[in-house]
2 protein chains.
Amino acid sequence: MTLTTPSALRAVQPVSPSHTRLSPLGLRESVLDSDGYWGRRNRVNAEATLWHCEHWMERAGWLGNFDAAVAGTLPESRRGREFADSEIYKLLEAMSWEYGATGDAAIDASIRSITARVAAAQEADGYLNTNFGRAGQAPRYTDIEWGHELYNYGHLMQAAVARYRTSGPDALFDVAKRVADHVCDTFGDDGIQTVCGHPEIELGLMEFYRLTQDEKYLHQAQLFVERRGHGLLADIEWGRSYYQDDMPVREATVFRGHAVRALYLAAAAVDLAVETGDTELLATLETQWSNTIAARTYLTGGMGSHHQDEAFGEDFVLPSDRAYCETCAGVASVMLSWRLLLATGKSRYADLIERTLFNVVATSPAPDGRSFFYSNTLHQRAEGVAVASDVQVPRASSSLRAPWFDVSCCPTNVSRTLASLGCYLATVDTSGLQLHQYAQCSIRAALPDGRPVGLDVSTRYPVEEEIRITITEAPTDEWTLSLRVPAWATDASLEQAGQVAQIAPGSVSVTRVFSQGETLILRLPLTPRFTRADARIDAISGSVALERGPLVLCLESIDLPGATHVDQVVVDESVAPRIVDGRTVIVARIDSPDRQVWPYGTEVSEVATADDALTDDALTDVALIPYYSWANRGPSTMRVWLRTA
Amino acid sequence: MTLTTPSALRAVQPVSPSHTRLSPLGLRESVLDSDGYWGRRNRVNAEATLWHCEHWMERAGWLGNFDAAVAGTLPESRRGREFADSEIYKLLEAMSWEYGATGDAAIDASIRSITARVAAAQEADGYLNTNFGRAGQAPRYTDIEWGHELYNYGHLMQAAVARYRTSGPDALFDVAKRVADHVCDTFGDDGIQTVCGHPEIELGLMEFYRLTQDEKYLHQAQLFVERRGHGLLADIEWGRSYYQDDMPVREATVFRGHAVRALYLAAAAVDLAVETGDTELLATLETQWSNTIAARTYLTGGMGSHHQDEAFGEDFVLPSDRAYCETCAGVASVMLSWRLLLATGKSRYADLIERTLFNVVATSPAPDGRSFFYSNTLHQRAEGVAVASDVQVPRASSSLRAPWFDVSCCPTNVSRTLASLGCYLATVDTSGLQLHQYAQCSIRAALPDGRPVGLDVSTRYPVEEEIRITITEAPTDEWTLSLRVPAWATDASLEQAGQVAQIAPGSVSVTRVFSQGETLILRLPLTPRFTRADARIDAISGSVALERGPLVLCLESIDLPGATHVDQVVVDESVAPRIVDGRTVIVARIDSPDRQVWPYGTEVSEVATADDALTDDALTDVALIPYYSWANRGPSTMRVWLRTA
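Structural notes, computed from the coordinates. Note that this is a predicted model, so its numbers are computed, not measured.

Once that is clear, we can look at the sheet that holds strand β8 (residues 441–446) of chain A. Strand pairing in a sheet is mediated by backbone hydrogen bonds. Such pairs are either parallel or antiparallel. All names here are of chain A. Pairing is antiparallel in the open sheet, where seven strands are placed in the order β2-β8-β9-β10-β15-β12-β13. Two strands in the sheet have a free side with no partner beyond their single neighbour: β2 (30–32) and β13 (499–503). Across the sheet, the axes of successive neighbouring strands diverge by a mean angle of 20 degrees, strand direction being ignored. Both β8 and strand β9 (residues 452–459) contribute to a ladder of six bridges, which runs antiparallel. Its bridge partner lying in β9, Arg444 is registered against Gly454.

Looking now at the environment of Ser18 of chain B. All names here are of chain B. Position of Ser18 relative to the elements: it lies in the loop between α1 (7–10) and β1 (23–24). In this structure, the C-alpha to C-alpha distance between Ser18 and Gln213, residues 195 residues apart in sequence, is 9.7 Å. A distance of 2.5 Å separates the side chain of Ser18 from the side chain of Glu275, its partner in a polar contact.

What follows is about empty space enclosed by the protein. Gaps left between atoms are located by rolling a probe of water-molecule size over the structure's atoms. Following the criterion strictly, the structure yields 14 cavities of 30 Å³ or more and no others. By volume, the largest cavity amounts to about 210 Å³. If you trace the largest cavity, you find 16 residues lining it, with Ser305 and Arg322 of chain A together with Ser305, Pro319 and Arg322 of chain B closest to the centre. Grouping the constituent residues of the lining of the largest cavity by class yields four nonpolar, eight polar and four charged. By volume, the second largest cavity is sized at about 170 Å³. What lines the second largest cavity is a set of 16 residues, and nearest its centre among them are Pro14, Glu93, Gln158, Arg416 and Tyr424 of chain B. For the lining of the second largest cavity, the secondary-structure elements that each account for two or more residues are α4 (84–102), α6 (149–167), α8 (201–212), α12 (327–344) and α14 (409–419) of chain B. The element that contributes the greatest number of residues to the lining of the second largest cavity is α12 of chain B, accounting for four residues. A per-class count over the lining of the second largest cavity returns nine nonpolar, three polar and four charged.

How big an interface is tends to be reported as the loss of accessible area on association of its parts. Taken together, the 60 residues of chain B in the interface contact 61 residues of chain A. When the two sides are added together, the surface that chain B and chain A hide from each other amounts to roughly 5,100 Å², 52% of it contributed by carbon and sulfur. Taken together, chain B and chain A are joined by six salt bridges. For the salt bridge of Asp538 of chain B with Arg381 of chain A, the shortest nitrogen-to-oxygen distance reads 3.0 Å. Where chain B meets chain A, there are 26 residue pairs in polar contact (both at pLDDT 80 or more). Elements with a contribution of two residues or more to the side of chain B that touches chain A: α11 (279–295), α13 (347–361), β16 (529–533), β22 (600–601) and α15 (604–607) of chain B. The element contributing the most residues to the side of chain B that touches chain A is β16 of chain B, with five residues. Across two bridges, the pairing between strand β22 (residues 600–601) of chain A and β16 of chain B is antiparallel. Looking across to β16 of chain B, one finds that Gly601 of chain A is bridged to Arg532 of chain B.

This part is about the pattern of salt bridges. All names here are of chain B. Taken as a whole and judged by the stated rule, the model has 108 salt bridges over all chains. Between Arg210 and Glu207 there is a salt bridge, with the nearest N and O atoms lying 3.0 Å from each other. Of the two residues, Arg210 and Glu207 are both situated in helix α8; the distance of three residues between them amounts to about one turn of the helix. Exposure remark for Arg210: the relative accessible area of 7% places this residue in the buried category. The partner of Glu286 in a salt bridge is Lys346, with the nearest N and O atoms 2.8 Å apart. With Glu286 in helix α11 and Lys346 in the loop between α12 and α13, the pair connects residues that are 60 residues apart, well separated along the chain.

Residue and element names in this part refer to chain B. Under the 1.5 Å per step criterion, the end-to-end length of helix α9 (residues 215–227) is 18 Å for 13 residues, consistent within 8% with the ideal 18 Å. Buried within α9 we find Tyr217, Leu218, Gln220, Ala221, Leu223, Phe224, Val225 and Arg227. Where the residues of α9 are buried, they touch α6, α7 (171–187), α8 and α10 (259–276).

Here Tyr461 of chain A and Pro462 of chain A are connected by a cis peptide whose omega angle stands at 10 degrees. Tracing the backbone shows Pro462 of chain A in the loop between β9 and β10 (466–473). A positive phi angle, close to 65 degrees, is found at Ala631 of chain A, a residue other than glycine. Following the sequence through the fold, Ala631 of chain A ends up in the loop between β23 (619–626) and β24 (638–639). Phi is positive for Gln213 of chain B, close to 60 degrees, though the residue is something other than glycine. Mapped onto the secondary structure, Gln213 of chain B falls in the loop between α8 and α9.

The next thing to look at is the sheet that holds strand β6 (residues 426–429) of chain B. Residue and element names in this part refer to chain B. In spatial order, the strands read β1-β6-β7-β11-β14; together these five strands make up an open sheet with mixed pairing. The strands lining the two open edges of the sheet, one partner per strand, are β1 and β14 (506–512). α13 rests against β11 (479–485) and β14 of the sheet, and its axis sits at about 50 degrees to β11.

When chain B is fitted onto chain A, the two copies agree to an RMSD of 0.0 Å after a turn of 180 degrees and an axial shift of 0.0 Å. Such a combination of turn and shift is consistent with a two-fold rotation axis. A share of 100% of the interface residues of chain B reappears at the interface of chain A, consistent with the copies meeting face to face through the same patch.

Each aromatic ring pair is described using two quantities: the centre-to-centre distance and the angle formed by the ring planes. Applying the stated criterion to the full structure yields 58 aromatic pairs over all chains. Between Tyr374 of chain A and Phe405 of chain A the ring centres are 5.6 Å apart and the planes differ by 65 degrees, which places this aromatic pair in the edge-to-face class. One end of the pair, Tyr374 of chain A, is in the loop between α13 (347–361) and β3 (379–380); the other, Phe405 of chain A, is in strand β5 (residues 404–405), with 31 residues separating them in the sequence. Using a relative accessible area of 3% as the deciding quantity, one classes Tyr374 of chain A as buried. Arranged with centres 4.9 Å apart and planes meeting at 80 degrees, the rings of Tyr37 of chain B and Trp38 of chain B form a pair that is edge-to-face. The two residues Tyr37 of chain B and Trp38 of chain B agree in class, both being buried.

How each quantity is defined
Residues numbered from 1 in each chain as written. Chains lettered and ligands numbered in written order. Predicted model: local features only at pLDDT ≥ 70, side-chain atom pairs only at ≥ 80, totals over all residues. Heavy atoms only, no water. Pairing = 2+ DSSP bridges. Helix = DSSP H or I, 4+ residues; strand = E, 2+ residues; numbered from the N terminus. Axes fitted to C-alpha atoms, helices over the stretch in contact; angles between N-to-C directions. Polar contact = N/O pair within 3.5 Å; in protein donor to acceptor, adjacent residues only side chain to side chain. 1 Å grid on protein atoms, 1.4 Å probe; cavity = no way out; pocket = protein on both sides within 12 Å on 5 of 7 lines; lining within 4 Å. Points joined across faces, edges and corners; volume = space filled by probe spheres on them. Nonpolar A, V, L, I, M, F, W, Y, C, P; charged D, E, K, R; others polar. Contact = heavy atoms within 4.5 Å. Buried area = accessible area lost by both parts, 1.4 Å probe. Salt bridge = Lys/Arg side-chain N within 4 Å of Asp/Glu carboxyl O. Buried < 20%, exposed > 50% of the residue type's maximum accessible area, 1.4 Å probe, protein only. Expected span 1.5 Å × (residues − 1). Least-squares fit on C-alpha atoms with pLDDT ≥ 70 in both. Phe/Tyr/Trp six-rings, centres within 6.5 Å; stacked < 30°, edge-to-face > 60°.

Have a look at this one:
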């Protein structure tokens, strides 16, 4: 493969496989426009979230842990949970991507400052952790199930890769390399035969291998991936499936256990399959993904039903109320699907990425980028209590967004995703360029044979259905522009040179000579639609949800008259949803909030809360909002799945 | 109040209020027949469960903790959780009731032996706990949220009360009295101003007061009840509502937080209201009970939706799959409703007791009394893995019954309930005798004015609908026999002297002169019925359950052909359920187990798994079983709420 684009530039991306069906673009090749939906999110992340996270890590003492290590005041002055170190690394990763895109000097200075504090705490043999190994602390690697030492390293390596790819080798790379070498020495073929309770080191090692091309890191990643599933970790109340140590990754048929753990492991296994040419492993992971999508994924793309163990439920256990849908699981799902998309080129992976970005990742942060959902329920039964902007709350206790959590994995995970989001829009292969996500952006890339391609995407999608793609640079000969058509877009069309053609879900490919300056218009109709669920998802059986384009909508009590609870609303499905002033409006009956002495009975009328029939005079218009924008107007009740008559 | 029955005999009962609307009978007044449904359960408990529990407590080392305390080998040799001591006390309580009913010498010997081991570990000032206060252990009362020291005492006092009432004062009473005095000294008006993280001491103190008539115990119980709810305990991830420290018991409107904690507290508060004549507090507790029944209780009577914090959910959060319904919460609910029934005489409390006994308490133990459910789901999606008879499992990891749990609160709670079950059948008041539960039994009691009353109840209820009540002893003048008519029994009848009269749900009272030897026949029709739920319980909206008399039924996959999963079954509601060979049979369609790529779509047909219409040739008979008897035939899937077309 010969590239005219310098490889260092090309590699400004989180995932750089050596050979996949599709090749990713870098941050400098695919640039979000700050006027677009995702560009605005990206800007808020750069201008608010990064600094918000740095502020809280300082305030919570998690950054100070490294200084305390140097000062010799650990363990007394240690703050935060076992995985607090990883938050600093995830912030470094996020900052690195942002610096890679904009070259902002203040961010560079922060990266250097934080790196110096981290580096100072590294021990002579490469070991680096503020929670283990000192007098008064547990010895190194004595709590492999819960200690998160290797997990922390994984995030350190991902941060170092991001820094290297955006600004070249530096102190962070040196720290990470010493850690990576220490891990290979300690957990290699002749080392400790175990795995970390939380998969993540595998992802870090795989990308570190891709960066350095040193196969020992690939080998170590492979050891960790293949070791897991043989009962090396302690059995616990929730079973070894919690950390995927119940069966080898090659034997599993579906994701199970702790959702973030399962998805990080699967993403690393895709990396491994790709780098080792292991098509069997890749096929296994595609099957696991498919089975998970078919029965263990929420409409939003959210994954993980259980609060207790933050885990996938059994098939079809997807209740709306208390849906856990951890934000980090959404991020991990995007990471996994992106790798599968690169490896296979199948549009279904890009479909899930879009669904998850708009309905999980975009839901977590408030518009100001300074508070976050940790979990993302689909049904809020009780009004939450607003969280003040200076309060650190337990992770999942609030129904409203909170500025910081005791377990604050989600803000930095969202931040690193938004900072690198430009990379997830498009790919190239030998035939041409593929556009997967429709953000307002500018793309200037080189095809694998070196021919430059450029295009500007102008759109207000998902608010408006028109996506204008203007060719800004094109080879003089034929190439292929492929556009994903989401599975829900059953009435899409593509306009070229005044000709409009209907196109089917999947993707549409145009192979010809393109002229510079010409514009193609993709239209993805945004007619709101009722969505129903497989009857085996009992929790929402007989309910309907509203979707519009890639957006899942919801009903929030703030949009209802008086003190109406969302549970009182019963939808009249016979009236199609319509758009009024840009909002999706449906017709519904408002039931009485009265309740029975005992909520079960032989006759439906015993438990119905108002007239059984939808009578005209009882019907009213009800407006919905995008799910990602709920809980921005104070305490409320909320439903995604609505009752029907 | 003058009793001809000696008060010591009369008081062989767990709850002895000084004055309530109804007065409870003692174990020797109300004797279960070993041929009846509950008598058999009571016998299995005596012959198997008591010894099973003693065996496991020895094996798990929880009994040995007391010996280790004496030997000075704590904390090294301590076994079990913080509340392990309480299990010994609950076993002592269960054994005491059983001894009280039968006078079995082997049980008496066990009680004496265990008591001696416990007593030896008590400290000079009355403090007694194997987990705190020694060198190497945390100091006394330094972990009030989770340490369970006062909780353990509560169970010790309940055990001592049971022992005293069944065999008079002995060493166990002495131990408990020294503990109770120590508690009053330590946590009294001038003592530590806090409450235990797990309510229970309040129940122990209230009954210890009733036994001893020493008002300092009443006062201390009142202090604990009134202190709670003022934020004395630490805030935690799940909020202070977890241990009901979020608001005073007088201000709450519904039960919330950890279900067992909430119900123990409420039961103690009823005791307090009764003993202090606090009608306002009693009314508040009745309201909390009513609101909980209306929106936070499962069809089985099970309480507590959440696995994570073993807690009540918000109103209408009652999903069948992963219903937690801890067995202990069922026991606690019976304790609470019994106290409310005594205080008010309202039949609704007896209704819930019946529902909970048959569908939660009876569900937990296997027929052999040697394995137990800890939680009681209403929907088993995946076949469980059978648990060997010699394995101690984490509390909720298994979908099948297990012989012992790391947190093994449920077996002893069931055991003490079954051992004292005779006490819950009937009451007396100045007018006469009230029969609340229909077990085969013999009752010989005295009315408050001293007139003796005797009756034998002969019935195969709930398998057969006829309940024959024969008067074995009766005053020569008029008195009132009241019989509860369950709320579901809309077609009940009472036959007296050849005359049959229809009677309405609630209760029927017969006031006249009864002749010795005469028989009244109460018929509670056991026609199986479809039951539906309030539409706001989304998780089961549109589903139906089957009930027959007081029994909730369920569908278990073992009763389906081949490898059919219960989720494939779709009920035809147009065909009434019928009885075939004693089993309830319904008509249903068996759907294909096929699934879609994505389980959500705009058309129902996209997600339906077979023909939408119920066609005759696809219909089949499906037999249901009582819910309490599921999981007795190996791994299976199971549903209480069934899909409908």
